[in-house]
Amino acid sequence: MPVFPRISLKPDVIEHLKSVFLNNEVLETVGLQEAECRFQNLLSCLSHPPSYTCVRASTQLVPLEEIRCQLEEELKKQMCGLPPEDVSIQILTHPKISDVLLLPVDGPRPVKQLTSEVVVGAQCGSAVLRGAHVFAPGIIACPKFMKVGDVVSVFSDLEGRCTRGATSFQGNKVFVGNGVAEMDRSSIFCTDEPARGIGVRMVEPLYRSPSFDGVLPSLVFLQNLPSVVVGHVLGPRPGERILDMCAAPGGKTCHIAALMGDQGDVVALDRIRNKIDKITENAQMFHLRSIRAYCFNSIEAVSSDPAQNSEGPPFPPESFDRILLDAPCSGLGQRPNMANTWTLKEICSYQPLQRKLFHAAVQLLKKGGVLVYSTCTVTLAENEEQVAWALQTFPCLTLQPQEPHIGAEGMLGAGLSPRQLRLLQRFSPELSWDHTQTAAASPGSADSDTIGFFIAKFLKN
């Protein structure tokens, strides 16, 4: 049974999503009862973490089994002092993806709530459910006399209504586990500079996942499974020139370079300066030299001068062998997410931006090149409808099979043919939500209990 309430969304957003998941094509195929069940499962599963933590391994540096052994030793160190029944480390390899390690999430666990309460923001609460400790900036309220060493219960403020610095909060909140205070109250709220570092170290989380803070930084990278699949679907090859159009924070960029054996040219663009610094930092951490990152708006990345031959943007048309457009989106597939305060206007604002990026991508792609489009959202407008629009707008594009294809097929409702839907890859956790709540840990179930995600692969003829 679900532990948390369904994701909190504005009423008109819920109605909009309901109209998407209960569209006429879906109703004609599966019926009202099944469509309604899937939609309710979606709202429920979005507020819960996936049942696996996925780690991408730097197999271009070290063999997977060696990384798995090193990771097991590092995680054992985290468990020193825990009761014997809590010391269990299971690290699985993925049967189809050679650079992925999977760690089953232990939860929900029977954790008793305490009278001393710390309240954190919804984003911080979601991070705790994925294995993080509570960092000081995420703390909104704590007991008046909280001191280092106090054992406290941690609650997530679902609606953002708790006043910073409060001593208690009676609003809409959910329990995420117990921890030990690493700072006293004055160190969190009564300082000239914003507090940094761990504020509460989680010792009894409701969902136990390892903390990867500082763990094998050059060998493992926390990444949702569908995000790893994207790199493999793009299929980069040594010596190619590849563009990552919306690259920050660089996880997919680094994966592309690693899959090429760091042989070739990977160009990463993002319009925000400090995000570019993060891409460069990640590339250095993974010892990747083929990545060049630029602060630039990808919509304007096509040069009006075909003779331009500079290394950086803008670029002449047909400059790249493969392009990844991991587009800005409404992010409604992210898990766990207990609350989203966006308006319907904000949710629906991404389609025009994605289409502008698509126009640039098609121009920059060489004939015979591959374009992969992906999002971490669940709407039709940002996924299948964009595919239908792209196929109509750009006759040079054709859909291609994806490898690996471990997600579901595309969703009905955008007028695509059954064959076209089979070529798409939609990670739809709502389809197996009831099953995954009771399933035994196995790498196979990790493919279905993921974040919501979408992938389309095109060839430019």
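What you are looking at is a predicted structure, and each value in this text was computed from that prediction instead of being measured.

Draft legend 1. A look at the side chain of Ser330. On the secondary structure map, Ser330 appears in the loop between strand E14 (320-326) and helix H10 (344-347). Engagement of the side chain of Ser330 in a polar contact is seen with the side chain of Thr377, the distance being 2.6 Å. What Ser330 contacts, discounting residues up to four positions off in sequence, is Trp342, Ile347, Tyr350, Thr377, Thr379 and Glu382.

Draft legend 2. Region of interest: the side chain of Asn23. Secondary-structure assignment places Asn23 in the loop between helix H1 (11-21) and helix H2 (24-30). Of note is the side chain of Asn23, whose polar atom sits 3.0 Å from the backbone oxygen of Leu412. Contact partners of Asn23, with chain neighbours within four places excluded, come to Leu380, Met411, Leu412 and Gly413.

Draft legend 3. Quick peek at the pairing of strand E1 (residues 52-57). Counting buried positions over the 6 residues of E1 gives 6, a clear majority of the element. Of the two faces of E1, both are covered, the one formed by Tyr52, Cys54 and Arg56 as well as the one formed by Thr53, Val55 and Ala57. Strand direction decides the pairing type here: E1 and strand E3 (residues 100-104), joined by 5 bridges, are antiparallel. When the sheet's bridge partners are listed, Cys54 is paired in E3 with Leu102.

Draft legend 4. Region of the structure containing unusual backbone geometry. Going from Gly107 to Pro108, the amide bond is cis rather than trans, its omega being 0 degrees. Mapped onto the fold, Pro108 is located in the loop between E3 and strand E4 (117-121). With an omega of -10 degrees, the peptide bond running from Arg335 to Pro336 counts as cis. Within the element layout of this structure, Pro336 appears in the loop between E14 and H10.

Draft legend 5. Quick peek at the sheet that holds E3. Taken together, the 4 strands give an open sheet; going across it, the order is E2-E3-E1-E10, and neighbouring strands pair in antiparallel fashion. The open sheet is flanked by strand E2 (92-93) and strand E10 (220-222), the only strands paired with a single partner.

Draft legend 6. How the structure looks around the pattern of salt bridges. Summed over all chains, the structure comprises 21 salt bridges. Where Arg68 meets Glu65, a salt bridge forms, and the shortest distance between an N and an O atom there is 3.1 Å. Residue Arg68 and its partner Glu65 are both found in helix H4 (residues 64-78); the two are separated by 3 residues, about one turn of the helix. Of the charged contacts in the structure, one is a salt bridge between Arg161 and Glu159, with a shortest N-O distance of 3.5 Å. Ionic contacts of the salt-bridge type, sharing partners, join the residues Arg241, Asp265, Arg292 and Glu311 into one network.

Draft legend 7. Local environment of helix H9 (residues 273-285). The end-to-end C-alpha separation of H9 is 19 Å, in line with the 18 Å expected for 13 residues at 1.5 Å each. Taken residue by residue, H9 has Ile276, Ile279, Asn282 and Ala283 as its buried positions. Around the axis of H9, the buried residues are gathered within 120 degrees of arc, so they sit on the same side. Away from its buried face by more than 90 degrees, H9 exposes Arg273, Asn274 and Gln284. Packed against the buried residues of H9 are E10, helix H8 (251-259), strand E12 (265-270) and strand E13 (291-295).

Draft legend 8. Up close: the packing of H1 against helix H3 (residues 32-45). As a packed pair, H1 and H3 sit with axes 9 Å apart at the nearest point and diverge in direction by 135 degrees. In terms of their interaxial angle, H1 and H3 are classed as oblique. As H1 packs across H3, the resulting crossing turns out to be right-handed. Seen from H1, the contacting residues are Ile14, Leu17, Lys18 and Phe21; seen from H3, they are Ala35, Glu36, Phe39 and Leu42. Its residues assigned to classes, the contact of H1 with H3 comprises 6 nonpolar, no polar and 2 charged.

Draft legend 9. Geometry of the pairing of strand E9 (residues 198-205). The pairing of strand E5 (residues 134-135) with E9 spans 2 bridges and is classified as antiparallel. From the neighbouring strand, Val134 faces E9, where its bridge partner is Val200. Across 5 bridges, strand E8 (residues 173-181) lies against E9 in antiparallel orientation. In the strand pairing of E9, Gly179 is matched with Met202.

Conventions and cut-offs
- Residues numbered from 1 in each chain as written.
- Predicted model: local features only at pLDDT ≥ 70, side-chain atom pairs only at ≥ 80, totals over all residues.
- Heavy atoms only, no water.
- Helix = DSSP H or I, 4+ residues; strand = E, 2+ residues; numbered from the N terminus.
- Polar contact = N/O pair within 3.5 Å; in protein donor to acceptor, adjacent residues only side chain to side chain.
- Contact = heavy atoms within 4.5 Å.
- Buried < 20%, exposed > 50% of the residue type's maximum accessible area, 1.4 Å probe, protein only.
- Pairing = 2+ DSSP bridges.
- Salt bridge = Lys/Arg side-chain N within 4 Å of Asp/Glu carboxyl O.
- Expected span 1.5 Å × (residues − 1).
- Arc of directions from axis to C-beta.
- Axes fitted to C-alpha atoms, helices over the stretch in contact; angles between N-to-C directions.
- Parallel < 35°, antiparallel > 145°, perpendicular 65-115°, else oblique.
- Left-handed = near helix turned anticlockwise from the far one by under 90°.
- Nonpolar A, V, L, I, M, F, W, Y, C, P; charged D, E, K, R; others polar.

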